[in-house]
Amino acid sequence: MSSTGSGSCEVGIGIEDTINTQGCSPDEGSHNSGTPEAEAVRVARRKLLVAIGFWAGVLVAVVAASAIFVGVYLGTGGDGETVSTDYGCLPADERNPHWKGKVVNLAVNSWTGSALTATTAAIILGEYMGMQVTLHSEDEYAMWAKMVQGEVDACLEVWPSGHSTDLQKYIYTDQTIASAGPLGVIGKIGWYFPSYVLDKYPQAANFNTMTSESRNTVLSYFSNTLYDGPSSWVSYDHEIIENNGWNMTVTSIETEEQLLETVYAAAAAKDPILFYMWTPHQIFGKYDLSRVSLPPYSTDCYADLDEVYCDYPDDILVKVYRKNFLDQSTLRVLQSFNLYNFDQIKMLSAVAYNGSTVEVAACNWVRKNRETWMQWIPPEPDNILRIALPSVIIPLVFIFCLGAGIASICHFRMKNKVAEEVVDLENQNAQLKLALMKTQDTTDFLNTPAETVVKMIEEFRKRHDWSPTELEDFNFIIKVISSRKLYTFDNEKTSQFLEEDVKDYLFDVTAIPRSKDVSAEQPENTLASSQQSHTSISEVIDKHFFDNVEQWEWDAISFANHSESNYLVHLANYIFDTHGFFEQLPLNRQKFNNFMDAVQKGYLDNPYHSGIHAADVTQALHLWIQQCSNAVCFTALELFSLLFSSLVHDLGHPGFNNNFMMASEDELALLYNDISILENYHVSYAFRLLKRPQCNFIEAMTPEQYHLYLRILLPSH
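The structure displayed is predicted, hence computed values, not measured ones.

Draft legend 1. Region of the structure containing the packing of helix α27 (residues 636-648) against helix α31 (residues 703-713). In the contact formed by α27 and α31, the axes pass within 9 Å of each other and the chain directions differ by 45°. When the axis of α27 is compared with that of α31, the two are oblique. The chirality of how α27 crosses α31 is right-handed. Of the residues in α31, those touching α27 at L637, E638, F640, S641, F644 and S645 are Q705, L708, Y709, I712 and L713. Broken down by class, the residue content of the contact of α27 with α31 amounts to 7 nonpolar, 3 polar and 1 charged.

Here you go:
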């Protein structure tokens, strides 16, 4: 914009080229627009703007094309090709590739069982769900570092007995790898022999209980020889034989294939043979084998590996994955993925003896067990943007950008018409605002019925002069209708007239929190207080009763008799402290004690299904958990869910079984439709107690923790 003295006028670009008379006389404006010099400048300017618009359109078109390429790349996983894993197992109409584009790298270790497990998962993730799954052959020990580096995402078959150090380091110390739970396969190393040996020596499997004379006779039948694998295998056979003083020698075979050939030859001739083996293994699908009963496994037995004298431990195989890589849909499948010993043995046998490949054996399992693995599949992804990006959004962006380029070119040729349309739009906008103002009172149809009623009451309240009491009633009516408590009790007004048990009943059936002063009341016998903790329990019960909790000989009845009717509260605190639940999980001890006191009172005085029975079961479960390495078997949340379940598993039991409840048409049988009547009742009772504010000790759990807690707890009943 330029100025040429007091008589000058302002010259603009665009629409102002047409409407340029502001500040100029008609003669001046006509004279300026009519001179050849001014017209030449105007034409040159328009050509320049047209060129700019054209090249801008080309630029946005190129950007849009690039965006399409990127969208296709993101939608398919790269390289412009179909990247989902395909073994040709599932027909097209049985697939649901809504997860296409996700990438998973699974580790495969050196044994066939690991390959079968990984391939089975790859078929489900790749063919059914459409993911890109890559199987990586990895050394079982080097795999952990590669997982941290991002080269491998998960391994679905880890034998904890050989990786206790790795599990401790990567899962619990560094926390770079996480457990996806047990696989379902339980590995068992031991001494085995063909079962036809039992025809001659029925006691041959009972090394631990037979007399020395009988054992020597059986060993003599086996030529006093145990056939073992190569020295690289995990084996304590020499130590077991030496530390038990048995008259045996160990013959090591260089490879697994040679060991199997030795067993095959003996079995074909019906000769006795004693050999080292583990399950699951394909040989169990070929022969009926019996395992020798060695002295029972214990942790003390393996404290010094040179002094091992007992049986090998059970190996609960686990799944692990690299943290912060898996989305929730992939993680859910891997956490739910389960195979069992009989599954692997059947697939291993097919590969070893029927000429099947790993892929074919895994495919056969997937086809025959569709109902099983379909339960592992999460809901279809809600990330519509990723799916729609290459097919819908990007083409629309391209069209829009191309249109913008064309519009830039045409704009300068149609500016007069555009200016007129702008004026028309402004007029229409003004008319629309006027119409909206006139129809402002006609929008009640957008309100809910409750909002309409509130508005009518407010209008009615304004039309008269009401007394203060009447206005207070109006305000109360509006407040109640506006809230969600139309059919609930006013606990603040009724609590002074009701007994505590009546208030508890009303709370349970309405599920509405009671007033602050009522919910703050504590049961008379509860241990809960902000000052009292587990350390005060020793003042109530002799310390030796807690020492005995760690023994199978523990007497639940004596413990209950010495605890002043709060034995479940004391026992639960002791066991929860032993496992460190209050340090590892967001649990409120005060509310936990309130909850356990309510549970204690909820158990009826039955001859069997009583609180003492719950204490006995909980203590036994605690000991079973202590038998395995907690760091390998379960997470803190899983252990907490199991022990919580045992504490409430018979809560409120009436002393009759389900058949009696159905035959007598009990109210509980009608309530639960004759389906697991008491089991459903116990769980419902426990959760109704948890709904009480003073008892909800798990309220600080995250949604993920709470959902996992429910998934573990509910099937246990």
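Draft legend 2. Fine view of the side chain of T119. Take T119: it is sitting in helix α3 (residues 112-128). A polar atom in the side chain of T119 sits 2.7 Å from the backbone oxygen of A115. Not counting the four nearest positions on each side in its chain, T119 is found in contact with Y87, L135, V358, E359 and A362.

Draft legend 3. Looking closely at the packing of aromatic side chains. Summed over all chains, the structure comprises 36 aromatic pairs. Pairing Y201 with Y221 gives two aromatic rings, centres 5.0 Å apart and planes at 55°, and the pair type is tilted. One end of the pair, Y201, is in the loop between β4 (177-194) and α6 (212-221); the other, Y221, is in helix α6, and 20 residues separate them in sequence. The exposure class assigned to Y201 is buried, which follows from its relative accessible area of 17%.

Draft legend 4. Molecular detail of the side chain of Q282. Position of Q282 relative to the elements: it lies in the loop between β7 (275-279) and β8 (289-291). Overall, Q282 belongs to the buried group, its relative accessible area being 13%. For Q282, the residues in contact, after removing those within four places along its chain, are E256, L260, L348, S349, A352 and Y353.

Draft legend 5. Representation of the state of the cysteines in the model. Scanning the entire structure with this criterion turns up 2 disulfides. Between C89 and C363 runs a disulfide, and the two sulfur atoms are separated by 2.1 Å. Note on the C89 and C363 pair: the S-S dihedral is about 95°, so by sign convention the disulfide is right-handed. Pair noted here: C89 is in the loop between α2 (36-76) and β1 (103-108) and C363 is in helix α11 (residues 358-368), with a separation of 274 residues, a long-range link. The pair C89 / C363 is uniform in exposure class, with both members buried.

Definitions and limits used
Residues numbered from 1 in each chain as written. Predicted model: local features only at pLDDT ≥ 70, side-chain atom pairs only at ≥ 80, totals over all residues. Heavy atoms only, no water. Axes fitted to C-alpha atoms, helices over the stretch in contact; angles between N-to-C directions. Helix = DSSP H or I, 4+ residues; strand = E, 2+ residues; numbered from the N terminus. Parallel < 35°, antiparallel > 145°, perpendicular 65-115°, else oblique. Left-handed = near helix turned anticlockwise from the far one by under 90°. Contact = heavy atoms within 4.5 Å. Nonpolar A, V, L, I, M, F, W, Y, C, P; charged D, E, K, R; others polar. Polar contact = N/O pair within 3.5 Å; in protein donor to acceptor, adjacent residues only side chain to side chain. Phe/Tyr/Trp six-rings, centres within 6.5 Å; stacked < 30°, edge-to-face > 60°. Buried < 20%, exposed > 50% of the residue type's maximum accessible area, 1.4 Å probe, protein only. Disulfide = S-S within 2.5 Å.

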